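# Chain and residue survey
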Amino acid sequence: MRKVIGIGETVLDIIFRDNQPVQAVPGGSTFNAIISLGRCGVETHFISETGNDHVGRLIIQFLKDNGCHAECVNVYPDSKSPLSLAFLNEKNDAEYVFYKDHPRDRLDFTYPDVQADDIVLFGSYYALNPVIRQQVKGFLEYAHERGAILYYDVNFRASHQNEVMKLTPNLLENFELADIVRGSSEDFEILFKKSAPDEVYRSHIMFYTRNFILTQAANPVEVRADGGFSKQYAIEPIETVSTIGAGDNFNAGFLYGLLLNGITRQQLEQGLSAQQWDSLIHCAMQFSAEACKSLYNYVSPEFGAQKMRK
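Residues numbered from 1 in each chain as written. Predicted model: local features only at pLDDT ≥ 70, side-chain atom pairs only at ≥ 80, totals over all residues. Heavy atoms only, no water.

## Some points on the overall build of the chain
- Each helix and strand in the chain was counted, giving ten helices and 14 strands.
- A compact globule built from 310 residues should have a C-alpha radius of gyration of about 19 Å, and the chain, at 18 Å, falls within 12% of that.
- Its C-alpha atoms give the chain principal-axis dimensions of roughly 50 × 45 × 40 Å.
- Expressed as a percentage of its 310 residues, the buried residues of the chain come to 55%.
- Taking as baseline every contact in the chain between residues at least 6 positions apart, the subset at least 24 positions apart corresponds to 73%.
- Per element, the accessible surface of the chain, about 13600 Å² overall, is 50% carbon and sulfur.
- Within the chain, one finds 28 positive and 39 negative side-chain charges whose respective centroids are separated by 1 Å. (Helix = DSSP H or I, 4+ residues; strand = E, 2+ residues; numbered from the N terminus. Rg over C-alpha atoms; globule rule 2.2 N^0.38 Å. Buried < 20%, exposed > 50% of the residue type's maximum accessible area, 1.4 Å probe, protein only. Contact = heavy atoms within 4.5 Å. Areas by Shrake-Rupley, 256 points an atom, 1.4 Å probe, with all protein chains shown as cover. Lys, Arg positive; Asp, Glu negative; His and termini not counted. Charge placed at Lys NZ, Arg CZ, Asp CG, Glu CD.)

Below, the structure is given as structure tokens:
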């Protein structure tokens, strides 16, 4: 049975509306996607770190409660778990403030078993952080050598804009290791001062990997791939409660689609058909829309139960 392995940060997301806290939920970009996949019956493993405190215990238990393997979450004995404050505006988009209290960033973990065509999800600052780069890169190279599909969500925040030059070598290594790169127009505006899909793809992506997805909030999703494949997918308008998990669950839906359609790394390397891309993006949009319907960062257990029966 194929599995999905996520590597990324864990945080407690405290969500504010009109400057008042309205919800507190375990979060983290890769974490959110892994929870949604776990709820859909996918075998999931999560590699991360947390503090030895109430929040850390809550996060580990939450993974287990949602069917996710948490053996590779490293607990630091002398640190507090990170917090994220998310302030929702009138469009239910979030502005973030992060608090992290790790006295020494380090990552000590054992790899879960990786088999051919398993899927590894990685991204955000966690996949670039120079302090833990050696360990993260080591795992990604190991997974690549084992024949896994590597999906990279760029997810680069403006708060790290002053580090772009320093982090660019790590970014390019991630592009090279990835079988699929997904990023938002905002990510590439921060990184490259450009966001037009063709320009980003030709100048920065296609030399490293051929499969590229550009998301643009409520504007159409753009896909560029082998053989000159180019397609735009319109986003159906929906009533949103929170967009915090929109991108993370787009990733979850895409990976669910890879599994549902039995798509292998070899097929990705050879190039997917238009019908396969249509199915994958449909799954991604479906998961993303579902996550926007609540203050939680993941698809609902009811949605997951429906997917589990397929």
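The structure having been displayed, the exposition proceeds.
## Structural notes on the nonpolar core
- The biggest cluster of nonpolar side chains holds 54 residues, and the ones touching the most others in it are Ile213, Phe254, Leu255, Leu258, Trp277 and Ile281.
- When residues in this core are grouped by element, the largest group, seven residues, is from helix α9 (residues 274-291).
- When neighbours within four sequence positions are excluded, Ile281 is seen to be in contact with Ile213, Val221, Val223, Tyr233, Phe250 and Phe254.
- Counting 37 residues, the second largest nonpolar core, distinct from the first, contains Phe122, Ala127, Phe156 and Phe188. (Core = buried A, V, L, I, M, F, W, Y, C linked by side-chain atoms within 4.5 Å.)

## A short note on the pattern of salt bridges
- The full count for this structure, using the stated rule, is 14 salt bridges.
- Its salt-bridge partner being Arg133, residue Glu173 comes within 3.0 Å of it at the nearest N-O pair. Linking Glu173 in helix α4 (residues 164-177) with Arg133 in helix α3 (residues 133-145), this pair joins segments that are 40 residues apart in sequence.
- By relative accessible area, which is 26% here, Glu173 ends up partly exposed.
- Classification of Arg133 by relative accessible area gives buried; the value is 7%.
- As a salt-bridge pair, Arg182 and Asp153 come within 3.4 Å of each other at their nearest N and O atoms. A residue pair is termed long-range when its members are at least 10 positions apart, and Arg182 in strand β11 (residues 180-184) and Asp153 in strand β10 (residues 149-153) qualify at 29 residues.
- For Arg182, a relative accessible area of 5% puts it in the buried group.
- One salt-bridge network, held together by shared partners, links Arg133, Lys137, Glu141 and Glu173. (Salt bridge = Lys/Arg side-chain N within 4 Å of Asp/Glu carboxyl O.)

## A look at the pairing of strand β13 (residues 219-225)
- Of all seven residues that make up β13, five are buried, and the element is covered over most of its length.
- Both strand β12 (residues 211-216) and β13 contribute to a ladder of four bridges, which runs antiparallel. Paired with Leu214 across the two strands is Glu222, which belongs to β13.
- Between β12 and the antiparallel strand that follows it, β13, lie two residues; Ala217 among them carries a positive phi value of about 55°.
- By the bridge criterion, five bridges tie β13 to strand β14 (residues 229-233) in an arrangement that is antiparallel. Each residue of the ladder has a partner; that of Glu222, found in β14, is Gln232.
- The loop that links β13 with its antiparallel partner β14 comprises three residues; one of these, Gly227, has a positive phi angle of about 70°. (Pairing = 2+ DSSP bridges.)

## Quick look at the packing of aromatic side chains
- One pass over the structure, following the stated rule, counts 20 aromatic pairs.
- Note on Phe229 and Trp277: the rings are 6.1 Å apart at their centroids and 10° apart in plane angle, and the pair reads as stacked. Note that Phe229 is positioned in strand β14 and Trp277 in helix α9, a separation of 48 residues in sequence. For the residue pair Phe229 and Trp277, the accessibility class agrees, reading buried in each case.
- One aromatic cluster is present, built from ring pairs that chain together Phe122, Tyr152, Phe175, Phe207 and Tyr208.
- Its guanidinium or amino end placed over the ring of Tyr96, Arg157 lies 4.4 Å from that ring's centre, counting from NZ or CZ. (Phe/Tyr/Trp six-rings, centres within 6.5 Å; stacked < 30°, edge-to-face > 60°. Lys NZ or Arg CZ within 6 Å of the ring centre and 35° of its normal.)

## Some points on the environment of Asp187
- Checked against the element boundaries, Asp187 lands in helix α5 (residues 185-192).
- Expressed as a C-alpha distance, the spacing of Asp187 and Leu85, which sit 102 residues apart in the sequence, is 20 Å.
- If sequence neighbours within four positions are ignored, Asp187 has contacts with Val154, Asn155 and Phe156.
- Within the structure, the side chain of Asp187 is placed 3.1 Å from the backbone nitrogen of Asn155, a separation counted as a polar contact.
- A polar atom in the side chain of Asp187 sits 2.9 Å from the backbone nitrogen of Phe156. (Polar contact = N/O pair within 3.5 Å; in protein donor to acceptor, adjacent residues only side chain to side chain.)

## Thoughts on the packing of helix α7 (residues 246-260) against α9
- Between α7 and α9, whose axes approach to 7 Å, the crossing angle comes to 140°. In terms of axis orientation, α7 runs oblique to α9. Our pair here, α7 against α9, has a crossing hand that is right-handed. Contacts between α7 and α9 involve Ala246, Asn249, Phe250, Ala252, Gly253, Phe254, Tyr256, Gly257, Leu258 and Leu260 from the former and Trp277, Leu280, Ile281, Cys283, Ala284, Met285, Phe287, Ser288 and Ala291 from the latter.
- Of the residues that constitute the contact of α7 with α9, the class distribution is 15 nonpolar, four polar and no charged. (Axes fitted to C-alpha atoms, helices over the stretch in contact; angles between N-to-C directions. Parallel < 35°, antiparallel > 145°, perpendicular 65-115°, else oblique. Left-handed = near helix turned anticlockwise from the far one by under 90°. Nonpolar A, V, L, I, M, F, W, Y, C, P; charged D, E, K, R; others polar.)

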